[in-house]
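Spelled out, the chains give:
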Amino acid sequence: MGGVGVSRRTILKASGAAAVGVFASPIRAAAPEPASITPDLIEAAKKEGKVIYYTSMDLPLSERLAKAFEAKYPGIAVRVERTGAERVFQRVGQEYASNIHAVDVVNSSDASHFIVWKRDSLLASFVPEDVAKYYPVEQRDRDGMFAAFRASLSVIGYNTRLVKPEDAPKSFADLLDPKWAGKIVKAHPGYSGTIMTATYEMSRDIGWDYFEKLAKQRVMQVQSASDPPKKLALGERSVMADGNEYVLFQLKESGGAVEPVYPTEGTPLIVSPNGLFKAAPNPNAARLFQSFCFSPECQQLMIDGGMRSFHGQIKDKPGHRPLDDVKAMKEDAAAVEQHGDEIKAHYVKIFRV
Amino acid sequence: MNLTLAVSASPARSTFRIDWSRPILVVVAAALCLLVVLPLGWLVYYSLHDRAGGFTLANFAQLATDPTFLDPLVTTAILAISSAAICCAVAAPMGWLVARTDMPLRKTVRALVMASFVTPPFLGAVAWELLAAPNSGLLNKIFRAATGAEPDDYLFNIYTLPGLIFVIACYTFPYVFVLVANALDRIPGDLEDASSILGGSAWTTAVRVTIPLAMPAVLAGALIAFLQAMTLFGSPAILALPAGFHTMTTKIWSLFQYPPKLELAAAASLPLLAVTVALLRAESFLLGRRGYSVVGGRQGDPRRVRLGPWRWVAFAATFVVLLNPVFLPYGALLNAVFSHVPSEFVSFDNLTLHNIKFVFFELSATGLAFKNTLILCTSTATIGTVMAVVIAYMTSRKAIAWHRALGFLATAPVAVPGIVLGVGLFLTYTRPPFVLYGTLWILLIAFVTIVLPFAYQQLQSAFRVVNPDIEEASRILGATRLGTLIHITAPLLRTSVIATWCFIFVGVIRELSAAIMLFTSETKVISVLIFDLNESGDLGAIAVIGIIMLVVTFAVVVLVNRIPGYGGERLRNA
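Residues numbered from 1 in each chain as written. Chains lettered and ligands numbered in written order. Predicted model: local features only at pLDDT ≥ 70, side-chain atom pairs only at ≥ 80, totals over all residues.

### Describing the overall build of chain B
Rules: Segments assigned H or I by DSSP are reported as helices when at least four residues long, segments assigned E as strands when at least two residues long, and all are numbered from the N terminus. Around each residue's C-beta, the other C-beta atoms within 10 Å are counted; 20 or more make the residue buried, 12 or fewer make it exposed, and counts in between make it partly exposed. All C-beta atoms are placed from the backbone. Here, residue contact means that the backbone-derived C-beta atoms of the two residues sit within 7 Å.
Each helix and strand counted, chain B has 28 helices and zero strands in total. Its C-alpha atoms give chain B principal-axis dimensions of about 90 × 75 × 50 Å. Taking all 574 residues of chain B together, the buried fraction comes to 48%. Long-range pairs, those at least 24 residues apart, make up 78% of the contacts in chain B with a sequence separation of at least 6.

### Re the overall build of chain A
Stated precisely, the cut-off is as follows: For this measure, only C-alpha atoms enter the radius of gyration; the expected value for a globule follows 2.2 Å times N^0.38, where N is the number of residues.
Along the backbone of chain A there are 13 helices and 14 strands. Over its C-alpha trace chain A gives a radius of gyration of 20 Å, about what one expects of a compact globule, namely 20 Å for 353 residues. Taken along the three principal axes of its C-alpha coordinates, chain A extends 60 × 45 × 40 Å. Within chain A, buried positions represent 56% of all 353 residues. For chain A, the proportion of contacts with a sequence separation of at least 24, taken over those separated by at least 6, is 82%.

### Quick look at the environment of V271 of chain A
For V271 of chain A, the location among the structural elements is in strand β13 (residues 267-277). Through-space distance from the C-alpha of V271 of chain A to that of F146 of chain A is 12 Å; in sequence the pair is 125 residues apart.

### Comments concerning the nonpolar core
Going by this rule: Linking buried Ala, Val, Leu, Ile, Met, Phe, Trp, Tyr and Cys residues through C-beta atoms within 7 Å yields a set, and such a set is a nonpolar core. Where a domain begins and ends is set by an automatic assignment or by a domain database.
Of all hydrophobic cores here, the largest spans 277 residues; its most connected members are F289 of chain A together with V176, V180, V423, A446 and L518 of chain B. Sort the elements by how many residues they give to this core and helix α21 (residues 440-464) of chain B lands first, with 14 residues. Lining this core are residues from two domains, each supplying at least three of them: domain 1 (11-23 + 33-152 + 271-323) and domain 2 (153-268 + 340-351) of chain A.

### Some remarks on the sheet that holds strand β11 (residues 239-240) of chain A
For sheets, the rule is that strands pair by backbone hydrogen bonds, running either parallel or antiparallel. All names here are of chain A. The test is simple: A pair of strands counts as paired when DSSP detects no fewer than two bridges linking them. Lines are fitted to the C-alpha atoms to define the axes, a helix being fitted only along its stretch in contact, and any angle between axes, read from their N-to-C directions, falls within 0 to 180 degrees.
Ordered in space as β10-β9-β11-β8-β12, the five strands form an open sheet in which the pairing is mixed. Two strands close off the open sheet at either side, each with one partner strand: β10 (220-221) and β12 (258-261). Note that strand β9 (residues 184-186) and β11 share two bridges and pair parallel. Its bridge partner lying in β11, I184 is registered against V239. The sheet strands contacting helix α10 (residues 245-253) are β8 (156-159) and β12, and the helix crosses β12 at an angle near 150 degrees.

### Observations concerning unusual backbone geometry
Cis geometry marks the peptide bond from Y258 of chain B to P259 of chain B; its omega dihedral reads -10 degrees. Mapped onto the secondary structure, P259 of chain B falls in the loop between α14 (248-254) and α15 (262-289). For S121 of chain A, which is not glycine, the phi dihedral falls at a positive 55 degrees. Positionally, S121 of chain A belongs in the loop between α5 (112-119) and β5 (123-124).

### Quick word on the domain arrangement of chain A
Residues and elements named next belong to chain A. This is how the line gets drawn: Any residue that is not Ala, Val, Leu, Ile, Met, Phe, Trp, Tyr, Cys, Pro, Asp, Glu, Lys or Arg is counted as polar, Gly included; the first ten are nonpolar and the last four charged.
On domain assignment, one finds that chain A holds domain 1 (11-23 + 33-152 + 271-323) and domain 2 (153-268 + 340-351). Inter-centroid distance (C-alpha atoms) of domain 1 to domain 2 is 27 Å. The partner domain 2 presents 19 residues to the 16 residues of domain 1 that form the contact. The element best represented in the side of domain 1 that touches domain 2 is helix α4 (residues 85-97), accounting for three residues. Split by residue class, the side of domain 1 that touches domain 2 holds two nonpolar, nine polar and five charged.

### Re the interface of chain B and chain A
Size of an interface, as often reported, equals the accessible area lost when the parts are brought together. Facing 33 residues of chain B, the contacting portion of chain A comprises 44 residues. Taken together, the elements giving at least two residues each to the side of chain B that touches chain A come down to α13 (234-243), α17 (354-362) and α26 (526-535) of chain B. Of the residues that constitute the side of chain B that touches chain A, the class distribution is 15 nonpolar, 13 polar and five charged.

### Points about the confidence of the model for chain B
Residue and element names in this part refer to chain B. Short version of the rule: pLDDT gives the predictor's per-residue confidence on a scale running from 0 to 100.
For chain B, per-residue confidence averages 87 on the pLDDT scale, and 92% of positions sit at 70 or higher. Mean pLDDT values for the elements of chain B range from 39 in helix α1 (residues 2-9) up to 98 in helix α9 (residues 161-170). Low confidence marks residues 1-16, where pLDDT is under 50. Its contacts with residues over four positions away, or in another chain, come to nine contacts. Every residue in residues 567-574 is under pLDDT 50, and counting partners more than four places away or in other chains gives 14 contacts. Two numbers describe this predicted complex: its pTM, 0.90, and its ipTM, 0.89.

### Some remarks on the environment of A29 of chain B
Residue and element names in this part refer to chain B. Following the sequence through the fold, A29 ends up in helix α3 (residues 21-47). In the structure, A29 is positioned 178 residues away from V207 in sequence and 46 Å away in space, judged by C-alpha atoms. Apart from the residues within four sequence positions on either side, A29 is in contact with L406 and L409.

### A look at the packing of helix α16 (residues 310-338) of chain B against helix α27 (residues 539-562) of chain B
Residues and elements named next belong to chain B. Cut-off, in case you're wondering: By definition in this entry, angles of less than 35 degrees are roughly parallel, angles greater than 145 are roughly antiparallel, angles of 65 to 115 are roughly perpendicular, and the rest are oblique. Handedness of a crossing is defined here by the sense of rotation of the near helix relative to the far one, left-handed for an anticlockwise turn of less than a right angle and right-handed for a clockwise turn.
Where α16 meets α27, the closest approach of the two axes is 8 Å, and the angle between their N-to-C directions is 120 degrees. If you check the angle between α16 and α27, you find them oblique. Pair α16 / α27 crosses with left-handed handedness. Taking contact as the criterion, the partners of L333, L334, A336 and V337 in α16 are, on α27, L539, G540, A543, V544, G546 and I547. In the contact of α16 with α27, the residues fall into eight nonpolar, two polar and no charged.

### Some details on the packing of helix α24 (residues 494-509) of chain B against α27 of chain B
Residues and elements named next belong to chain B. Here α24 crosses α27 at 165 degrees, and the two axes come no closer than 9 Å. As the angle between them shows, α24 and α27 are arranged roughly antiparallel. Taken as a pair, α24 and α27 cross one another with a handedness that is left-handed. Across the interface between the two elements, A499, C502, F505, V506 and I509 from α24 touch M549, V552, T553, V556, V557, L559 and V560 from α27. For the contact of α24 with α27, the per-class residue count stands at 11 nonpolar, one polar and no charged.

### Details of the pairing of strand β2 (residues 50-55) of chain A
Residues and elements named next belong to chain A. Here is the rule we go by: When the strands point away from the viewer, a crossover counts as right-handed if the path from the first strand over the helix to the second runs clockwise.
Across the six residues that make up β2, a large majority, five, are buried. When β2 meets strand β3 (residues 77-82), the two strands line up parallel, connected through six bridges. The residue of β3 that forms the bridge with V51 is V78. Following the chain from β2 across helix α3 (residues 59-72) to the adjacent parallel β3, one finds a crossover that is right-handed. The sheet contact formed by β2 and strand β4 (residues 105-107) spans three bridges and is parallel.

### Re the environment of A206 of chain B
Within the secondary structure layout, A206 of chain B lies in helix α12 (residues 202-231). With 168 residues separating them in the primary sequence, A206 of chain B and L38 of chain B have C-alpha atoms 49 Å apart.

### Looking at helix α7 (residues 121-132) of chain B
Since one α-helical turn is 3.6 residues long, residues separated by three or four positions face the same way. Residues and elements named next belong to chain B. Under the convention used in this document: Helices are assigned an expected span. That span is 1.5 Å times one less than the residue count.
The first and last C-alpha atoms of α7 sit 16 Å apart over 12 residues, in line with the 16 Å expected at 1.5 Å per residue. With 12 of its 12 residues buried, α7 lies for the most part within the structure. Residues P121, F122, L123, G124, A125, V126, A127, W128, E129, L130, L131 and A132 constitute the buried set of α7. Contact partners of the buried residues in α7: α8 (138-147), α9, α13, α16, α26 and α27.

Printed below as a string of structure tokens:
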């Protein structure tokens with residue numbers, strides 16, 4: 001699933017353009033040489049003994065990634081610091097403002113954060129061998145500051161015990177039917193990068209009007225994009241208006257009564273890059289971890305967890321609708337970076353929290 | 001006493017012996033100023049300035065006109081008043097039943113109220129999500145199974161303002177209960193006896209003697225309950241946000257999210273501070289007038305009202321009340337620990353140890369959070385107790401001039417809600433010269449400030465019962481004040497000191513509202529971890545961590561009860 005479809009504008013082009021705008025200087029360093037995992041790197045990483053990973057990925061999957069790394073490189077502990085992407089961004093910003101450099105590697109489901117971090121010269125340039133060899137150019141930063149570690153969709157979903165397939169909503173517009181009032185759960189763009197990205201794409205493609213009508217449906221407002229699928233599985237709500245496709249897959253495959261819907265208007269695509277901080281306290285362990293994240297082994301782990309991968313050697317999981325068959329909404333990290341604060345403010349005004 | 005004065009007034013002695021009390025006073029007073037005055041100063045400063053640093057009243061203007069601030073303000077007022085009313089309606093009769101009647105199992109009831117008292121309110125809120133979420137809540141499932149109601153029907157919806165009020169009242173009523181029960185314990189039965197001897201019926205005695213005597217305690221309890229409900233952060237964040245409304249605390253906290261609006265957060269904190277100060281003044285006015293009720297102290301056990309056959313009815317009613325803060329939530333949490341889906345009843349089909357395995361072997365934040373919490377609990381308890389001992393000694397023995405001011409400073413933090421203190425400390429310690437953000441120190445400062453008033457009051461009342469003669473004897477024999485404190489007074493106060501230490505320890509475990517403003521990834525504590533897990537919907541993991549928290553808390557409380565010479569009697573006064 002190397003090609004992601006030409007129609008989709010990728011974050012890399014967008015963020016590259018933004019960076020050019022900021023660094024008006026004509027001198028640009030050439031993309032760094034790809035780095036392979038050497039015994040020296042492993043040795044140096046082991047001396048550091050730990051790596052701190054800030055991520056917005058759902059906690060159990062993040063911890064599975066951490067355990068896989070620890071099993072492969074014994075002696076290097078991974079500490080996962082998981083919260084919503086917007087919180088990750090706030091946390092990094094606050095910590096750096098107070099001169100606290102705690103984070104080694106960061107992953108955010110709001111790709112626009114990488115534009116800001118790159119612009120503020122916080123990121124280190126490092127290109128794992130797999131990224132150089134197997135990742136499409138549009139999924140890598142041209143200066144090697146970050147690359148698309150994982151991707152997922154923000155889908156509609158329903159509980160199959162509470163809703164018959166023929167009654168399930170087929171589109172975002174269907175959710176506005178009065179029969180769904182009080183039965184919808186939805187995540188928050190002030191917390192979740194996935195929802196932030198999705199809210200931008202949807203407000204652009206189907207308009208704020210949709211959200212204003214949706215807000216009248218007595219929506220249960222949760223924070224994380226991972227929570228709506230969990231609320232569906234609990235049976236707390238029948239339908240989710242947005243949320244992570246990968247968590248829905250996980251729940252479905254472990255026996256949960258949930259089913260994704262790819263709305264006819266298009267499904268928001270969310271690409272989540274990984275990057276290294278220049279001031280990382282464990283720079284070698286960070287490099288090793290970053291390399292591991294893009295390895296086929298780790299990408300397969302992501303696929304098994306319901307994620308999408310841009311790694312050229314990795315195939316979608318059988319039974320998951322291939323990404324190329326999904327009508328995805330166009331991603332535009334630069335626009336999210338530009339309008340993010342307005343989107344949040346507008347959202348809070350409509351939904352009141 | 002005269003002799004003591006003569007000795008210490010002797011110029012020969014004072015030149016050779018250093019009395020450390022003065023430097024200690026200076027240090028303690030400076031520390032208290034730093035703890036309280038500095039953060040509040042920055043809070044006021046920020047609220048009156050715009051981002052560029054110019055003076056402005058715009059923050060307050062926005063607060064007073066913007067509906068996104070006015071709505072939470074109104075909600076918070078409704079919330080605090082209703083919770084306080086419910087607490088009084090439920091806890092005052094319960095306090096009377098336990099203190100003044102022959103209702104069975106009175107000690108058990110006291111212990112169970114204590115259990116709800118030490119239960120972290122945010123944990124109770126999560127447990128009530130499991131119980132009374134409209135569709136997946138266990139109670140609603142039982143309701144539907146029992147009545148054959150439609151899948152959409154529900155009995156309870158916890159994601160509403162009444163639901164939130166109910167959950168807050170569940171963990172606030174112990175404040176009223178303890179105050180009322182203690183007051184009734186202390187009111188001598190003689191007055192009631194006199195009333196009945198003079199021909200007053202049981203009803204007349206109740207209306208004209210008992211209730212008026214207990215009234216100040218009830219009102220004081222209502223004020224405390226009001227303040228608790230107004231300043232609580234965890235429960236509204238867990239229950240109000242999904243329902244689509246804010247309270248003042250969640251609103252303040254939301255102003256810290258990206259893009260942060262610190263000036264507005266500071267301005268929004270000040271009304272909470274003002275209301276708290278005003279109500280505490282009202283409380284001390286009320287309690288000050290209560291003097292008559294304790295005249296003569298405790299004169300034997302008050303006569304217990306015989307309830308006859310109503311004994312068991314009263315007990316049943318009490319038990320039903322205690323289902324809500326204790327039995328049902330604990331049951332729901334235990335169920336969630338072992339259930340594959342937290343909202344389903346455990347059965348052989350879905351029994352799992354996965355949640356336990358996840359928390360202990362996969363969740364990489366567990367170890368650090370437990371370690372941080374343990375460090376903070378221990379150090380806050382130790383520092384808080386030591387400070388409280390020193391201050392209580394100086395004020396109760398009038399050891400120095402200005403002892404009143406010292407007492408005031410030590411009690412002042414009670415007027416600063418946790419979330420307001422959190423905002424103030426954040427503004428103070430993320431900027432030079434004291435950049436403490438990102439260290440455990442900033443949390444330590446917050447927690448010591450929060451617990452100090454309680455510790456001080458505990459120890460001050462303990463000092464009152466130690467006869468100063470023994471200390472004076474020590475001083476006459478040449479010991480310094482500090483030596484006397486260490487070798488004479490402290491051992492006499494041992495049980496109170498240990499108990500205070502333990503209660504601070506327990507109090508710090510459940511602190512969330514200041515911690516949520518101040519933590520960083522390296523300084524995360526258990527309460528914040530639970531909050532994080534709730535935001536991503538990992539209820540099974542919360543149940544496991546929550547049960548561990550409760551076990552540790554109860555172990556500490558039971559330990560306090562086992563201290564020789566302490567036990568249940570004093571526990572009531574906590």
